[in-house]
Amino acid sequence: MTNRNMPIPGLVESQKNFFYSGKTKSVGFRLYQLEQLKLLITENRDLVSKALKEDLNKSEAEANLTEIRETLRETRYALNRLKKWAKTQAVSTPFLLKPGTSYIKPEPLGTVLIISPWNYPFSLLFMPLVGAIAAGNTAVLKPSEIASATSRVIEELVPQYFERECISVVPGGVEETSTLLEQPLDHVFFTGSEKVGKIVMNAASKHLTPVTLELGGKSPCIVDKKVDVKIAAKRIAWGKFLNAGQTCVAPDYLLVREEIKDTIISAIREQINRFYGNDPELSQSYCRIINQSHFHRLEALLEDGNIVCGGDTDAEQRYIPPTILDNVNPESNVMSEEIFGPILPVISFKTVQEAVELVNDKPKPLALYVFSEDKEFQDLVLENTSSGGVCINDTILQITSPELPFGGVGNSGIGNYHGKSSFDTFSHYKSILKKPFKLDLFLRYPPFKSILNKISKIV
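Scope of this entry: the structure provided in the associated data block. (Residues numbered from 1 in each chain as written. Predicted model: local features only at pLDDT ≥ 70, side-chain atom pairs only at ≥ 80, totals over all residues. Heavy atoms only, no water.)

1. Considering unusual backbone geometry
- The omega angle of the peptide bond from Lys98 to Pro99 is 0°, so this bond is cis rather than trans.
- Within the secondary structure, Pro99 sits in the loop between strand E1 (89-91) and strand E2 (101-108).
- Its identity as a non-glycine residue notwithstanding, Asn327 has a phi of 55°, on the positive side.
- Within the fold, Asn327 resides in the loop between strand E11 (323-326) and strand E12 (343-349).
- Despite not being glycine, Ile396 shows a phi value in the positive range, around 70°.
- Relative to the assigned elements, Ile396 resides in the loop between strand E14 (389-392) and strand E15 (406-407). (Helix = DSSP H or I, 4+ residues; strand = E, 2+ residues; numbered from the N terminus.)

Written as structure tokens, this is what we have:
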């Protein structure tokens with residue numbers, strides 16, 4: 001049974017009532033819910049893979065690598081650590097508060113809303129859900145209507161594994177999302193564009209609902225001359241053209257030392273050929289642009305530089321090949337907006353200071369990549385730039401570690417998740433001081449004695 005026939009306000013109310021029943025606060029119940037999520041993933045790999053193929057032309061291998069496996073790993077990580085995360089933590093008590101004990105108790109926020117994007121429509125919905133479940137919340141899931149095949153599968157599967165009052169799916173588009181944001185929710189977790197993130201934050205503010213915003217931005221990839229060119233090119237090409245560039249942490253543009261620019265471009269072209277063959281349109285490993293609107297937006301960006309690789313397009317197939325642009329104007333559209341597609345602009349620099357200035361001229365990115373074997377170069381970039389995360393001498397992989405919080409800074413997002421950070425995001429850490437009735441110090445009460453003033457200056 002889906003939630004199509006239940007009005008959204010009623011659905012949210014039923015979830016709040018379920019939460020107030022106290023059932024979700026049990027660690028045993030949370031572990032059961034995580035096991036159910038694990039079953040949903042493992043029992044429906046083929047169904048999910050087929051939907052991702054329909055939406056984005058993802059191969060089965062890429063669907064498993066970037067969506068199914070990552071979600072399953074996150075679920076197992078939480079299952080193995082939840083009992084420890086959920087424990088009440090004793091902390092020290094200051095001398096003036098003794099006798100007494102102090103502790104911190106993590107508690108769930110309540111009913112949360114998770115809004116996912118279309119580029120990784122499965123993992124970016126269910127990975128935040130892991131944290132919401134682990135923390136003991138009820139959750140309303142809003143999958144992206146743009147990835148329609150995956151959305152249908154999610155709507156079909158969730159009611160088979162979860163009680164509707166605990167975890168439910170609301171399909172639809174802008175109207176449904178707007179209605180959800182009007183509800184008195186306890187947290188909103190949104191992954192998507194900066195533009196829509198502002199709308200979500202503004203709507204949530206009407207109820208003072210806290211938000212986590214996982215946005216994006218122009219993630220730079222800085223390449224020094226002290227690199228293994230072949231390996232650097234391979235890792236850059238992989239990170240940039242994975243999912244046809246439709247990845248929020250994909251290298252958005254390349255800043256490369258002037259003296260090796262031609263060499264690195266040639267090496268990336270060679271890797272593109274190795275990955276996808278002479279004609280990437282025929283490759284079973286290359287994805288497609290999600291829809292015509294995004295296709296035409298990207299097609300227009302091809303005019304912002306000299307095409308030195310790729311560039312041929314097929315609107316009917318929503319196909320844009322891995323494309324490299326040289327001689328790019330830093331003020332052009334391709335350098336002003338997040339590309340979110342398989343177009344790699346290349347700009348050269350002479351000094352590390354020049355590269356840093358180019359990065360800092362733009363809003364803080366979600367990711368920053370540095371390729372260099374020179375520690376001084378690495379440190380100069382790290383110390384003089386700000387970004388959500390950094391990966392040195394590779395791309396994308398920083399977001400796959402559950403030990404590293406994932407999130408943006410400034411325009412690229414608010415808050416973070418993955419691993420225990422997901423549990424923390426969906427929890428409130430309640431501070432508790434417990435005092436006995438014995439030893440009730442009379443000096444704290446009026447009328448105040450002069451001795452209290454002397455003691456307060458000493459302690």
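Let's pick the thread back up.
2. Section: the nonpolar core
- Core analysis: the largest hydrophobic core is formed by 116 residues, its most contacted members being Phe126, Leu141, Val223 and Ile268.
- Ranked by residue count, the leading element in this core is helix H5 (residues 123-135), at 10 residues.
- Once you skip the residues sitting within four places of it in the chain, Ile268 turns out to touch Ala233, Ile236, Ala237, Leu254, Ile324 and Leu344.
- In terms of nonpolar packing, the next biggest core, distinct from the first, is built from 18 residues, Ile8, Val12, Ile115 and Ala203 among them. (Core = buried A, V, L, I, M, F, W, Y, C linked by side-chain atoms within 4.5 Å. Buried < 20%, exposed > 50% of the residue type's maximum accessible area, 1.4 Å probe, protein only. Contact = heavy atoms within 4.5 Å.)

3. Observations concerning the side chain of Ser372
- Assignment of secondary structure puts Ser372 in the loop between strand E13 (367-371) and helix H13 (375-384).
- Assessed through its relative accessible area of 0%, Ser372 is described here as buried.
- A distance of 3.0 Å separates a polar side-chain atom of Ser372 from the backbone nitrogen of Asp374.
- In this structure, Ser372 is in contact with Asp224, Lys226, Val227, Phe377, Gln378 and Asn393, ignoring residues within four places of it in sequence. (Polar contact = N/O pair within 3.5 Å; in protein donor to acceptor, adjacent residues only side chain to side chain.)

4. What about the state of the cysteines?
- Evaluation of the coordinates by the stated rule reveals zero disulfides.
- Sulfur of Cys287: no disulfide; nearest cysteine sulfur belongs to Cys248 and is 15 Å away.
- Here Cys391 is not cross-linked by a disulfide; its sulfur's nearest cysteine counterpart is in Cys221, at 9.5 Å.
- We classify Cys391 as buried; its relative accessible area is 10%. (Disulfide = S-S within 2.5 Å.)

5. Re helix H7 (residues 174-181)
- Those residues of H7 that fall on the buried side of the exposure criterion are Thr177, Leu180 and Leu181. The buried residues of H7 occupy one face: seen down the axis, they fall within an arc of 95°.
- Looking at the packing, one finds that the buried side of H7 touches helix H1 (8-20), strand E3 (111-115), strand E4 (138-142), strand E6 (187-191) and helix H8 (194-205). (Arc of directions from axis to C-beta.)

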